[in-house]
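Observations on chain architecture
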Amino acid sequence: MLNYTSVMNIGYQTWYGSDEGPHSSFARAVQEMVVSRRPQRLCEIGAGANPIMSPAAAAQAGVLEYVITDVSEQELAKASDGYTKVVADVTRGSVQELGAFELIVSQTVAEHVRDPAAFHQTTYDMLVSGGRAMHFFPTLYEPAFVVNRLLPEFAADAILQRIQGWRASGGMNEKFPALYRWCRGPTRRQLARFTAIGFEIEEYVGIFGHDYYRSVPLIDRLETVLADALVRHPLPSLTSYSSVTLRRP
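So, a few notes on the structure that sits alongside this text. (Residues numbered from 1 in each chain as written. Predicted model: local features only at pLDDT ≥ 70, side-chain atom pairs only at ≥ 80, totals over all residues. Heavy atoms only, no water.)

1. Examining the overall build of the chain
Looking only at helices and strands, the chain features 8 helices and 8 strands. Restricting to contacts in the chain with at least 6 residues of sequence separation, those with at least 24 account for 73%. Put simply, the chain shows about 12,100 Å² of open surface, and 53% of that area lies on carbon and sulfur atoms. (Helix = DSSP H or I, 4+ residues; strand = E, 2+ residues; numbered from the N terminus. Contact = heavy atoms within 4.5 Å. Areas by Shrake-Rupley, 256 points an atom, 1.4 Å probe, with all protein chains shown as cover.)

Rendered as structure tokens:
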């Protein structure tokens, strides 16, 4: 059985705890990791149209090659120049031609993966010893994401267009089907999945709350109150998002 003391840091916060929001907080954490660890090779899985860092910022921090991958050539084409762009599906075995990396990151990618065991095993295989993987993803069993998982895709897409019209099909922030496999808060089962692959878990942050109810102030306020209560009395299975930092020994 997994010993919680083997995880360096398990923490909780709310969506509302920072002016920048958790997506931006994760991007900043990645940038801080790059600056502090100075990886020569950085890989972002599923980067598509919106990589976390600009090529210039990565180069300034000492990154010699910033590789971005995606299963869609069309999505990669939307990203600016300056990256090494590779069409690849990391769930289909080791991507040997990509080489080894000191840092691998993904942002809101894991929820779309059909074979999460293969995804994380390949990530592990692509890391050098001492290398790190950082992931940010929405989690079950947040009710909004449970509904998104259960609804037919056309219905979920129609609802999203009403509350987040900027995520139009074909745009820079297009919606893709979400499965949420291995997308959980820091439950014992979730932690054990990563350690079974061989990772050391350096940090696991569960985030409560989201901004999907902003157009309905009363429900949004109730969501905020609930998120604050869950930070004080956390239930890992009720997080809305999580970020995790994993290390290959």
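Alright, that's what it looks like, and here's the rest.
2. Notes on the nonpolar core
Grouped together as the largest cluster of nonpolar side chains are 59 residues, with contacts concentrated most on Val30, Val34, Leu42, Ile52, Met53 and Tyr66. The residues contacting Leu42, other than those within four sequence positions of it, are Val34, Met53, Val63, Glu65, Tyr66, Val67, Phe101, Leu103 and Val105. (Core = buried A, V, L, I, M, F, W, Y, C linked by side-chain atoms within 4.5 Å. Buried < 20%, exposed > 50% of the residue type's maximum accessible area, 1.4 Å probe, protein only.)

3. With respect to the pairing of strand S8 (residues 241-247)
Of all 7 residues in S8, 6 are buried; the element is thus mostly enclosed. In the sheet, strand S6 (residues 127-138) pairs with S8 via 7 bridges, with the strands oriented antiparallel. What sits directly across from His135, in S8, is Val244. As judged from the 7 bridges shared by strand S7 (residues 200-208) and S8, these two strands associate in the antiparallel manner. Each residue of the ladder has a partner; that of Glu200, found in S8, is Arg247. (Pairing = 2+ DSSP bridges.)

4. Quick notes on helix H4 (residues 116-126)
Note: α-helices contain 3.6 residues per turn, so residues at a spacing of three or four share the same orientation. Burial analysis of H4 places 8 of its 11 residues in the buried class, the great majority of the element. What H4 keeps buried is the set Pro116, Ala118, Phe119, His120, Thr122, Thr123, Tyr124 and Met126. Among the structural elements, strand S2 (41-44), strand S5 (101-107), S6 and helix H7 (188-197) are those in contact with the buried residues of H4.

5. A word on the sheet that holds strand S1 (residues 10-14)
On the basis of which strands lie adjacent, the open sheet formed by 8 strands has the order S1-S7-S8-S6-S5-S2-S3-S4 and mixed pairing. Every other strand in the sheet has two partners, leaving S1 and strand S4 (84-87) as the edge strands with one partner each. Each neighbouring strand pair of the sheet contributes to a mean axis angle of 15°, computed without reference to strand direction. As judged from the 5 bridges shared by S1 and S7, these two strands associate in the parallel manner. Among the inter-strand pairings, Gln13 is bridged to a residue of S7, identified as Ile207. The sheet contacts of H4 involve S2, S5 and S6, and relative to S6 the element is tilted by about 145°. Helix-sheet contacts for H7 involve S1, S6, S7 and S8, and the interaxial angle to S7 is about 150°. (Axes fitted to C-alpha atoms, helices over the stretch in contact; angles between N-to-C directions.)

6. Things to note about the packing of aromatic side chains
To describe a pair of aromatic rings, one takes the distance between the centres and the angle between the planes. Counted according to the given criterion, the structure contains 11 aromatic pairs. Measuring from centroid to centroid gives 5.5 Å for Phe136 and Tyr241, while their planes differ by 5°, and the two rings are stacked. One end of the pair, Phe136, is in strand S6; the other, Tyr241, is in strand S8, and 105 residues separate them in sequence. A residue is classified by how much of its surface remains accessible, and Phe136, at 1% relative accessible area, is buried. (Phe/Tyr/Trp six-rings, centres within 6.5 Å; stacked < 30°, edge-to-face > 60°.)

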